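Given next are the chains, with one letter for each unit.
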Amino acid sequence: MDVSELIDGLNEKQREAVAAPLSNMLVLAGAGSGKTRVLVHRIAWLMQVEHASAYSIFAVTFTNKAAKEMRTRVEETLRSPVGGMWIGTFHGLSHRILRAHHREAKLPEAFQILDSDDQVRMIRRLLKAMNIDEKKWPAKQIAWYISARKDEGQRPKDIQAYDVNEQLLLRVYTAYQDACDRAGLVDFAEILLRCYELLCQQPTLLRHYQQRFRHMLVDEFQDTNSIQYQWLKLLAGNENNMMIVGDDDQSIYGWRGAKVENIKRFLDDFSAQTIRLEQNYRSTAIILKASNALIQNNAERMGKSLWTEGDQGEPISIYAAFNELDESRFVVSKIRSWLNSGNALQDCAILYRNNAQSRVLEEALLQEGLKYRIYGGMRFFERQEIKDALAYLRLISNRQDDAAFERVINTPARGIGDKTLSHIRDCARNESMPLWYAAKAVLEQKHLAGRAATAIARFIELVEQLDDKITELELSEQAKTTIEGSGLMAMYQAEKGEKGRARVENLEELISACGQYELPIDEDFSSPLQGFLAYTSLESGEGQADEHEDAVQMMTLHSAKGLEFPLVFMVGVEEGMFPSQQSHEESGRLEEERRLCYVGMTRAMDKLYISHAESRRLYGQEKHHSPSRFLRELPEECIEEIRIKTQVSRPVNSGRFSASVTHAAFEDSGYNLGERVLHAKFGAGTVLNYEGSGAQSRIQVNFDDVGSKWLVTAYARLQSL
DNA sequence: TGTCGCCATATTTTT
DNA sequence: TATGGCGACA
């Protein structure tokens, strides 16, 4: 392969990064500046020019998707599959190390991963056992606390509890950790922390990995938390080279422990040089100008300004909607015209601050007959029926797994009630043994009523029989046998309605997913089932159907990071929504919101619409929000305001009056709402409410003829009356 | 064991 | 406003 291929077609800065001599390096990569390209080409460069072996390369990302993309693109660039190269997520790679050295990490061979939902359930059980009021101490909050501590690398012994509240949290943390350790379970944060501790405590092991991974690359570095930073630093040792790629302006995960400061820390700790990628290949000049202007209002920045050789493009349109319904209709009508001009639905995205905002939009899209796809939400492997099935498989492969035991002991219902169960739990606690063995013990002690005893005996027999039956089978047969043998399939088949049908389908899908699963040859799994179980926890089931259907893409601003769309709508850009109400309280949160806005804007390639509603129904109450401060931070020359202006025929305080409406989008024939409103001329409306005076007055008007319940809050320009 | 009604609750999410 | 969790009840 000709090496020049690797740097041809790159801009100067990209080339500088790709072809840099072996060293520590920060690539400060702005949105749309081709950072993945740089990473991929750098890997190829290391192999081709520096003659690095695939074996010596270690590349870390945050999501499976990013890891997968990187691997594919490296292989495409090198035109050959690369084995031996470690490309994966922080969790995936840590987990891999833990599997390989489970003994040293003091984990059972069949250790399993607890997802956030399992974690909360586990804590909920502990709280009950510890007699802690769940009302006062929600399990979710405690789970959050524990994960946060682990993200900081803190074990219970490292924590000083100064007040009673923290003492309680600490007690639960301790109990929780104890329970996990005994059951052979690790939560997500534990994977990282455990791996870090393992490497700290096993110098030989650490040296082995350090000597292997000569070339480390890290993506989205601004999202690393404390333990991830420590882990990387440990693996890097003194000799290895690390290239980190990130963008401080796109740091939007501070609230879950990400530390932007890690970038600066890296520069110090690794005496690295910085390369800035500022040329943008995605957006129009206007969008970039506005984004640059916005982000400049943040104080703590490394400094970066995006530019493009491309066109100016259209101004950013800002629509002031009456309310969220009007906002949705506006968005939908613009999408309709986009579609009518021969564009694809999937090239257009609606971005919002929180998930609840999607509802009104969905309804409007549905009404217009436009297909949409919502990102996020329940993932395949997180669904109830799937987790039930997996819990059986987990219990079969590890009898100590209390979380799995609790989940399936009475699913499907087999007459094991709370009483019997608490009996077992008590026994387990007193004897400090896993629930499974406690159940057996209780049975032997014959403390139970006949019926309960039979039920438990049957359950134990069931699991043991399944275990016997499936050991020799192929993975998908194992799943099938378990799902059917456990009675889960029958249970969900009996469930009425659409839901039940979908669940049965999902279970079947699970069986087929087992069939498609390939056990990674270079990882240390004792069986395909082990591998599959880990896979289901670490990879929550992306790549479901309908992904490629032509549909409007809907997602939160957070999940939009890394994506791009020709047409983008950002909705609900109002004070109190975005920036969100709660971001006013903590320091630094406002800047993070601004970065989020920056992320959103820079998703747009050609056209960006931003909308805000003057009134919005929120938690059952009508709320009035002013336009977001972020809008004021956009340069005037970059924006075009679309606003329905109401002119009232005569000053009124109440009663009927007539109003005429002018609309900036009048010329746009595709704008249904505008047309409708205009043609209706708002003949007569009833004033419902009147407040203030002068230019700031507001009237609330009901126009019966425009639609049933259409409530309009319009700014009356009294001076023009 | 399932259902009803009451109550609190109400960002952002990947692994 | 809607939703989900929980206790009470049949």
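For clarity, every value in this text was computed on a predicted model and none was experimentally measured.

Parameters and conventions
- Residues numbered from 1 in each chain as written.
- Chains lettered and ligands numbered in written order.
- Predicted model: local features only at pLDDT ≥ 70, side-chain atom pairs only at ≥ 80, totals over all residues.
- Heavy atoms only, no water.
- Helix = DSSP H or I, 4+ residues; strand = E, 2+ residues; numbered from the N terminus.
- Polar contact = N/O pair within 3.5 Å; in protein donor to acceptor, adjacent residues only side chain to side chain.
- Contact = heavy atoms within 4.5 Å.
- Core = buried A, V, L, I, M, F, W, Y, C linked by side-chain atoms within 4.5 Å.
- Buried < 20%, exposed > 50% of the residue type's maximum accessible area, 1.4 Å probe, protein only.
- Domains from an automatic or database assignment.
- Salt bridge = Lys/Arg side-chain N within 4 Å of Asp/Glu carboxyl O.
- Near = heavy atom within 4 Å.
- UniProt positions renumbered as here; feature names shortened; annotations may be inferred.
- Phe/Tyr/Trp six-rings, centres within 6.5 Å; stacked < 30°, edge-to-face > 60°.

1. Overview of the side chain of threonine 602
Okay, step 1: As for its position among the elements, threonine 602 is in the loop between helix H26 (589-601) and strand S14 (604-618).
Okay, step 2: Within polar-contact distance, the side chain of threonine 602 engages the backbone oxygen of valine 599 at 3.0 Å.
Okay, step 3: Beyond its immediate sequence surroundings of up to four residues, threonine 602 is in contact with Ala31, Arg282, Ser283, Ser291 and Leu306.

2. Remarks on the nonpolar core
Okay, step 1: Judged by nonpolar contacts, the single largest core of 95 residues is most densely connected at Trp231 and Phe459.
Okay, step 2: With 9 residues, the top contributor of residues to this core is helix H20 (residues 450-470).
Okay, step 3: Two domains each provide a minimum of three residues to this core, namely domain 1 (4-98 + 193-278) and domain 4 (380-539).
Okay, step 4: Ignoring sequence-local partners within four residues, the contact set of tryptophan 231 consists of Phe58, Val60, Phe90, Leu93, Ser94, Leu192, Cys195, Tyr196 and Leu199.
Okay, step 5: By size, the runner-up hydrophobic cluster in this structure holds 38 residues, among which are Ala31, Ile287, Val573 and Cys638.

3. Here's the deal with the pattern of salt bridges
Okay, step 1: Evaluated as defined, the whole model comprises 48 salt bridges.
Okay, step 2: Here glutamate 220 makes a salt bridge to lysine 561, at a shortest N to O gap of 3.5 Å. Taken together, the residues glutamate 220 in the loop between strand S6 (215-218) and helix H11 (226-236) and lysine 561 in the loop between helix H25 (557-560) and strand S13 (565-570) connect sequence positions 341 residues apart.
Okay, step 3: Of the charged contacts in the structure, one is a salt bridge between arginine 629 and glutamate 575, with a shortest N-O distance of 2.7 Å. Of the two residues, arginine 629 is situated in helix H27 (residues 629-632) and glutamate 575 in the loop between S13 and H26; the sequence distance between them amounts to 54 residues.
Okay, step 4: In the salt-bridge network here, residues are joined through shared partners; they are Lys150, Arg155, Asp181, Asp187, Glu190, Arg194 and Glu197.

4. Observations regarding the protein's contact with DNA strand B
Okay, step 1: Taken together, 26 residues form the shell around DNA strand B, and within it Asn64, Arg353, Thr556, Ser580 and Arg589 come nearest.
Okay, step 2: The sugar-phosphate backbone supplies 49% of the atoms of DNA strand B found within 4 Å of the protein.
Okay, step 3: Backbone polar atom of asparagine 64 to a phosphate oxygen of DNA strand B: 2.7 Å apart, as the coordinates give it.
Okay, step 4: Arginine 379 is positioned with one of its side-chain polar atoms (N or O) 3.1 Å from a phosphate oxygen of DNA strand B.
Okay, step 5: Going through the elements one at a time, H25 and H26 are the ones with two or more residues in the surface near DNA strand B.

5. A word on the UniProt feature "domain: UvrD-like helicase ATP-binding" (unreviewed entry) in chain A
Okay, step 1: Within this structure's numbering, the places UniProt gives as "domain: UvrD-like helicase ATP-binding" (unreviewed entry) are residues 8-284.
Okay, step 2: Between the end C-alpha atoms of residues 8-284 there is a gap of 24 Å, over a span that is 50% helix and 13% strand.

6. Details of the packing of aromatic side chains
Okay, step 1: This model, assessed by the stated rule, comprises 25 aromatic pairs.
Okay, step 2: Seen in terms of ring centroids, tyrosine 209 and phenylalanine 213 are 5.9 Å apart; in terms of plane orientation they differ by 10°. Their pairing is stacked.
Okay, step 3: Tyrosine 209 sits in the buried class, given a relative accessible area of 4%.
Okay, step 4: Judged by relative accessible area, phenylalanine 213 falls into the buried class, the value being 1%.
Okay, step 5: Aromatic side chains phenylalanine 532 and tyrosine 535 sit 5.9 Å apart centroid to centroid with 35° between the ring planes, which places their arrangement in the tilted category. One end of the pair, phenylalanine 532, and the other, tyrosine 535, are both in helix H24 (residues 528-538), 3 residues apart, so they sit about a helical turn from each other.
Okay, step 6: Through a chain of ring-to-ring contacts, the aromatic side chains of Phe58, Phe62, Trp86, Phe90, Tyr209, Phe213 and Trp231 assemble into a single cluster.

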